[in-house]
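Below, each chain spelled out in residue letters.
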Amino acid sequence: MAKRIIRTYNDEILRKKCKKVDKITPRIQMILDDMAETMKEEDGVGLAAPQVGILRNIVVIDVGEGIIELINPIITEQSKETEIDVEGCLSVPQKYGEVERPSKVKVKALNREGKEFELEGEGLLARAICHELDHLNGVLFIDKAVRFIKPGEKENE
Ligand code: ZN
């Protein structure tokens, strides 16, 4: 496994749309491993492939319950109820803002063996899924933030 460099803010790769993974190869599995390691080292709760310069529909998430790997994820259901909470992003260092997200989402994806599965997320997990899937469409949380948090205002989690 190897840690990869995180692309930040002005890198135009973050604004591009990702392509579907057609075939799960050892290279794709290596990307998953590298992304998980990079996320862990950077202390993130999620990472999308474009953040490490790869324009493929691949996401890793860890909200404290183990690593979730999503290949070609699609949101199949989302609650009407929403929550507004603070988000940050490894690609947008030192910036935090409040973003409105559905309280619950269901996502369909492939695992590293190419098997389709469904995952339901609530609260932080739902937020992380939405945030990471936005990355696959070139969308950053700063595009959606309803309010930015001033330095020092963010509580320590
Ligand atoms: Zn992000």
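Residues numbered from 1 in each chain as written. Predicted model: local features only at pLDDT ≥ 70, side-chain atom pairs only at ≥ 80, totals over all residues. Heavy atoms only, no water.

### Structural notes on the coordination of the zinc ion
Here is step 1 of the chain: Taken together, the protein ligands of the zinc ion are C89 (SG), H131 (NE2) and H135 (NE2), with distances of 2.0 to 2.2 Å.
Here is step 2 of the chain: One chain supplies every donor for the zinc ion, spaced along it as C-x41-H-x3-H. Placement of the pair is H131 and H135 together in helix α2 (residues 124–136), with a separation of four residues, close to one helical turn. (Donors = N, O, S within 2.8 Å, 3.2 Å for Na, K, Ca; no water. Helix = DSSP H or I, 4+ residues; strand = E, 2+ residues; numbered from the N terminus.)

### Some thoughts on the side chain of Q51
Here is step 1 of the chain: By the secondary structure assignment, Q51 is in the loop between β1 (46–48) and β2 (58–61).
Here is step 2 of the chain: Reaching out from Q51, the side chain makes a polar contact with the backbone nitrogen of A48 at a distance of 2.9 Å.
Here is step 3 of the chain: A distance of 2.9 Å separates a polar atom in the side chain of Q51 from a polar atom in the side chain of S91.
Here is step 4 of the chain: Non-local contacts of Q51, meaning those with residues more than four positions away in its chain, are made with I5, I6, R7, L14, G46, C89, L90, S91, E132 and H135. (Polar contact = N/O pair within 3.5 Å; in protein donor to acceptor, adjacent residues only side chain to side chain. Contact = heavy atoms within 4.5 Å.)

### Some details on the pattern of salt bridges
Here is step 1 of the chain: Overall, the coordinates contain 13 salt bridges when judged by the stated rule.
Here is step 2 of the chain: Across the pair D11 and R7 runs a salt bridge whose closest N-O atoms are separated by 3.1 Å.
Here is step 3 of the chain: A relative accessible area of 28% places R7 in the partly exposed class.
Here is step 4 of the chain: Each of E87, R101, R127, D134 and K144 takes part in salt bridges that share partners, so that together they form one network. (Salt bridge = Lys/Arg side-chain N within 4 Å of Asp/Glu carboxyl O. Buried < 20%, exposed > 50% of the residue type's maximum accessible area, 1.4 Å probe, protein only.)

### A short note on the nonpolar core
Here is step 1 of the chain: Counting residues in each nonpolar core, the largest one holds 17 residues, and the members touching the most others are V59, I61, L70, I129 and L133.
Here is step 2 of the chain: For this core, the secondary-structure elements that each account for two or more residues are β2, β3 (68–78), β6 (104–110) and α2.
Here is step 3 of the chain: With seven residues, the single largest contributor to this core is α2.
Here is step 4 of the chain: When neighbours within four sequence positions are excluded, I129 is seen to be in contact with I61, I75, V105, V107, L119 and G121. (Core = buried A, V, L, I, M, F, W, Y, C linked by side-chain atoms within 4.5 Å.)

### A short note on the sheet that holds strand β5 (residues 92–102)
Here is step 1 of the chain: Pairing is antiparallel across the open sheet formed by three strands, whose spatial order is β4-β5-β8. Two strands lie at the open edges of the sheet, namely β4 (82–89) and β8 (147–148), each paired on one side alone.
Here is step 2 of the chain: Sheet topology note: the β5/β8 ladder contains two bridges and is antiparallel. Within the sheet, the bridge partner assigned to E98 lies in β8 and is R147.
Here is step 3 of the chain: The sheet contacts of α2 involve β4 and β5, and relative to β4 the element is tilted by about 60°. (Pairing = 2+ DSSP bridges. Axes fitted to C-alpha atoms, helices over the stretch in contact; angles between N-to-C directions.)

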